[in-house]
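# Reading the structure
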Amino acid sequence: MRGEWDIPTRVVFGAGRVGELPQLVAGWGKQALIVTDTGVLASGAVQPVLDALTGTDLDFRVFDGVEPNPGEANIREGVRRFREDCDFLIAVGGGSVIDAAKAIRLAASHQGPLADYDDLQGGTARIRAEMTRLVAIPTTAGTGSEVGRSAVVTIDGRKTVLFSPHLIPTIALCDPRLTVALPARMTAGTGADALTHNLEAYFAKGFNPVCDAIALEGLRKAARWLPVAVHDGLNLEARAEMMLAAMMGAVAFQKGLGATHSLAHPLSSVAGVHHGTANAIMLPHVLRYNRDTIALRADRAAEALGVPASTVPGETVERIAAALERLFESIGLPTRLHQVNVTSALIGPMTELAYQDGCHQCNPRPVTKEDLASLYQAAL
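A short tour of the structure in this document, coming up. (Residues numbered from 1 in each chain as written. Predicted model: local features only at pLDDT ≥ 70, side-chain atom pairs only at ≥ 80, totals over all residues. Heavy atoms only, no water.)

### Details of the nonpolar core
As a reminder of what qualifies: Working definition of a nonpolar core: buried Ala, Val, Leu, Ile, Met, Phe, Trp, Tyr and Cys residues. They are joined through side-chain atoms within 4.5 Å. Partly exposed describes any residue whose relative accessible area lies between the buried limit of under 20% and the exposed limit of over 50%, with all areas from a 1.4 Å probe on protein chains only and scaled to the type maximum. Runs of H or I in DSSP of at least four residues are treated as helices and runs of E of at least two as strands, each being numbered from the N terminus.
With 56 residues, the main nonpolar core has Leu199, Leu287, Ile320, Leu324 and Phe328 as its most contacted residues. Every element with two or more residues in this core is listed here: strand 2 (10–14), strand 9 (171–174), helix 6 (184–203), helix 7 (209–231), helix 8 (236–252), helix 10 (275–289), helix 12 (298–305) and helix 13 (315–330). At 11 residues, helix 8 tops the list of elements feeding residues into this core. Counting 29 residues, the second largest nonpolar core, distinct from the first, contains Leu33, Phe63, Ala91 and Leu162.

### Some remarks on the pattern of salt bridges
Quick reminder of the rule: Each reported salt bridge corresponds to a side-chain nitrogen of Lys or Arg within 4 Å of a carboxyl oxygen of Asp or Glu.
Tallying each qualifying case throughout the model produces 21 salt bridges. Salt bridges sharing partners connect three or more residues here, namely Arg2, Glu4, Arg10, Arg17 and Glu20.

### Points about the pairing of strand 5 (residues 88–93)
Note the cut-off: Strands pair, by our definition, only if DSSP identifies at least two bridges between them. The crossover handedness rule: strands pointing away from the viewer, path from first strand over the helix to second strand clockwise, crossover right-handed.
Counted residue by residue, strand 5 has 6 buried out of 6 residues, so it is predominantly covered. Residue alternation in strand 5 divides its side chains into two sets, Phe88, Ile90 and Val92 and Leu89, Ala91 and Gly93, and both sets are buried. Direction of pairing for strand 3 (residues 31–35) relative to strand 5: parallel, over a ladder of 4 bridges. Following the sheet pairing, alanine 32 is matched in strand 5 by phenylalanine 88. Pairing of strand 5 with strand 6 (residues 134–138) involves 5 bridges; the strand directions are parallel. In the strand pairing of strand 6, alanine 91 is matched with alanine 136. Read from strand 5 through helix 5 (residues 95–109) to strand 6, the crossover connection turns out right-handed.

### Comments concerning the packing of aromatic side chains
Condition: Between the rings of Phe, Tyr and Trp (Trp by its six-membered ring), a pair exists once the centres lie within 6.5 Å; its type follows the angle of the planes, with under 30 degrees stacked, over 60 edge-to-face, and the other angles tilted. For a ring to carry a charge above it, either NZ of a lysine or CZ of an arginine must fall within 6 Å of the ring centroid while also lying within 35 degrees of the normal to the ring plane.
Enumeration over the complete set of coordinates arrives at 3 aromatic pairs. With centroids separated by 5.2 Å and ring planes inclined at 55°, the aromatic side chains of tyrosine 202 and phenylalanine 203 adopt a geometry described as tilted. The ring of tryptophan 225 carries the charged tip of arginine 224 above its face, separated from the ring centre by 4.2 Å. Here the guanidinium or amino end of arginine 297 rests over the ring plane of tyrosine 202, the centre of that ring lying 4.2 Å away.

### Here's the deal with the pairing of strand 7 (residues 150–155)
Within strand 7, 5 of the 6 residues are buried, which leaves the element mostly enclosed by the surrounding structure. Where strand 7 meets strand 8 (residues 158–163), 6 bridges bridge the pair, whose relative direction is antiparallel. For isoleucine 155, the partnering residue across the bridge sits in strand 8 and is arginine 158. In this antiparallel pair of consecutive strands, strand 7 and strand 8, the connection spans 2 residues, and aspartate 156 shows a positive phi of 55°.

### Brief notes about the packing of helix 7 against helix 8
Worth spelling out the cut-off: To obtain each axis, a line is fitted to C-alpha atoms, and for helices this fit is confined to the stretch in contact; angles are then taken between N-to-C directions over 0 to 180 degrees. Here the word oblique covers every angle except those under 35 degrees (roughly parallel), over 145 (roughly antiparallel) and from 65 to 115 (roughly perpendicular). Here is the rule for handedness: rotate from the far helix to the near one, and if that takes an anticlockwise turn smaller than a right angle the crossing is left-handed, while a clockwise turn gives right-handed. By definition, residues are in contact when any of their heavy atoms lie within 4.5 Å. Residues were grouped as follows: Ala, Val, Leu, Ile, Met, Phe, Trp, Tyr, Cys and Pro as nonpolar; Asp, Glu, Lys and Arg as charged; and all remaining residues, including Gly, as polar.
At a closest axis distance of 8 Å, the pairing of helix 7 and helix 8 adopts a crossing angle of 150°. Put simply, helix 7 runs roughly antiparallel to helix 8. Viewed along their axes, helix 7 and helix 8 form a crossing whose handedness is left-handed. For the pair formed by helix 7 and helix 8, the contact residues are Cys211, Ile214, Ala215, Glu217, Gly218, Lys221, Ala222, Trp225, Leu226, Val228 and Ala229 on the first element and Glu237, Ala238, Arg239, Glu241, Met242, Leu244, Ala245, Met248, Val251 and Ala252 on the second. Across the contact of helix 7 with helix 8, the residue classes tally to 15 nonpolar, 1 polar and 5 charged.

In structure tokens:
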């Protein structure tokens, strides 16, 4: 499984293709800043990148200080390191790492705090095209950030979306071999994120048949290959298919997401729950909440998931929700919030942040603060 295409990111896909990195960045400059985190570095996933660059004319420095939920100070430290005579960026890691690299390239070329570029505050219009080049090399199959135009950073305790076509990485270098070392639990969590992106994008309100078609195929891939990747991590076909599912989800959710993500973001920033795991817990509850507004579209999603549809209105949505709960449980993910140490005392502050989150604006059924609190309560 090997190929190249533009969506509009230039995607270079295939096992072993990380070895082509020096040729891909030829002419970009003399020194790269490799952005990663300590976990990815310790896993050995960065080593193929270092091996590809060693012995070439290209120098590199490693910034491994990206935090799980990167914030302003974290990004500014990356900018400081980049300005130590680096010419471009290489991000090696999961969604947090790639998002941090996007934010670093933004902050390195734009004035003011990152809050000035918050999409909810009209910040997208302030983001200009003049940025350093970025190669995104994913080591997980989850966010699809390597092909996305958004970066999520934590500002004042809130997951804040920076959104612009100018943030799209210059090249997405996708080598499924780099995901083989990912532990089963992390494979499950990131894979649940990819599945959620595809399903929420498909059901998001609005008209975008191109994104819908991509979402359905991404959903099909995730449902088929996620259990295989979790239980047989050395299966390169499963790793490649999940990497494709993650990319498809990131392309599809340009249409929008939904309440699941608005609920999941505070679970990460407030309660420290892994983002994909938070999505897996909340998704079935949001589907049931949306049941009447998505019933007419549910048959195609059910088909992609391998779930038999029902002739009873709304019953297909319930079947999808139940099937997802079984799927997530089968790959070792929690299905209730109390399993990840979330208590009712956190519902109030998380609800406030969830309501401020822009993702629910594309939810097919409008939500109030009370609705969001009830969904947290139902998931406890």
